[in-house]
Amino acid sequence: MTLETTGALPRLADRSPQITGAEIAASLVPPSQFEHATFDSYRPDHDYPSQSEAVAMLKLFAKSWEPQRPAGLFSRSRKKVEAMKPGVYLDGGFGVGKTHLLAALWHEAPGPKYFGTFIEYTALVGALGYAAAVQLLRGSTLICIDEFELDDPGDTMMMTRMLGELVASGTRIAATSNTPPNALGEGRFAARDFLREIQSLSANFQTLRIDGLDYRRRDTSGSAVTVDAAEYERVLTALADRGETATSDTFDALIAHLATVHPSRYIKMLDGVDVIGLADVHVLHDQMAALRLVAFIDRVYDAEIPIVQTGTPLDAIFDDEMLAGGYRKKYLRSVSRMIALTAGELPPHDE
């Protein structure tokens, strides 16, 4: 008998939070781990010059908010700033610091400004309606969009239209993704049918390619950590006994519950949670379930909540067909995050 079946610990599957448009808007700030991110605190890997080059370019982009100087000594720099496109797009692999740099740019900008994932902006439109969402965001100096990935044509058209309106009103845009902007949607839907929209979107961005190694894997063995049932129960009990809020769900129960909660509400499911327990993890073959889990893991990673699990290691749950398809990069990013989330130190046996 496990903790999950005895009900000794709370279950995420019992949480069905609601979230309003105002709450979504208020949450559009960098995740807590990037609350104090700066360009100076970003540590570029000198084996990959593109990291330092990206910092220099973003600093130049940030100069657009500095007061205009008289022509003369600084005019050449001003001309470089004025020649930049209204958006920058950070394209690179997993764990090269794109979100850190995006947050650093956000901190440089005067308000009003917003920072959120692609799914949070689409959720904002869903909660407020298109016109009200555009009205809320209009007048902002900077909109930062993390994890910019277009998964369906409706989102492509809506985001393209919204960003076009905001850019036309003077807002600057910064985004990150593992996919260059001219390849958005490739392999996921009939991108050729939306080529005009995709090209219009990418025309607003100057792409900054950032190469490098995934920092999340530097201190891990390369695989998510899994424990047996007895250790799972011992660890979660020890954590609860020392006052931490640990949840316990079977993998199937959590996957089923995620289908009933809009992804924009996943973050509220995690309110007050210190540790997540997942029992009987197994390989997924349902792509929609896998994509919902990816969105959930993104929120868990942003909230820095460790995971204790039994069964198949979380980094091995996406089947071969998924990893060969159009969402490959999204799944690989999630694998990187799940390895980091399960790599935390467990309570010793004497607790």
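Before reading on, note that the structure itself is shown above.
Residues numbered from 1 in each chain as written. Predicted model: local features only at pLDDT ≥ 70, side-chain atom pairs only at ≥ 80, totals over all residues. Heavy atoms only, no water.

Asker: Got a minute to help me understand the side chain of Ser50 in this structure?
Answerer: Tracing the sequence through the fold places Ser50 in helix 3 (residues 49–62). Look at Ser50 and you get buried, because its relative accessible area is 10%. Other than its neighbours up to four places away in sequence, Ser50 contacts Arg209, Ile210 and Asp211. (Helix = DSSP H or I, 4+ residues; strand = E, 2+ residues; numbered from the N terminus. Buried < 20%, exposed > 50% of the residue type's maximum accessible area, 1.4 Å probe, protein only. Contact = heavy atoms within 4.5 Å.)

Asker: So what exactly am I meant to see when it comes to the nonpolar core here?
Answerer: Note that soluble globular proteins tend to have their nonpolar side chains buried in a common cluster. If you look at the biggest cluster of nonpolar residues, it comprises 37 residues, and the most contacted ones within it are Phe251, Ile276, Leu293, Phe296, Ile317 and Phe318. For this core, the secondary structure elements donating two or more residues are helix 11 (251–258), helix 12 (266–269), strand 7 (275–281), helix 13 (287–303) and helix 15 (328–341). Per element, the largest residue contribution to this core is ten residues, and it comes from helix 13. Each residue touching Leu293, except ones within four places of it in the same chain, is listed here: Phe251, Ile255, Leu258, Leu284 and Ile317. Formed by 28 residues, the second largest nonpolar core is a distinct cluster that contains Tyr42, Phe61, Leu102 and Ala174. (Core = buried A, V, L, I, M, F, W, Y, C linked by side-chain atoms within 4.5 Å.)

Asker: What's the story with unusual backbone geometry in this structure? I'm lost.
Answerer: Negative phi values dominate among residues other than glycine, just as trans dominates among peptide bonds. Cis geometry marks the peptide bond from Gly111 to Pro112; its omega dihedral reads -5°. Inspection of the secondary structure puts Pro112 in the loop between helix 5 (98–108) and strand 2 (113–117). Look at Asp280: it is not a glycine, yet its phi comes out positive at around 60°. Mapped onto the secondary structure, Asp280 falls in strand 7. For Glu304, which is not glycine, the phi torsion reads 55° and is therefore positive.

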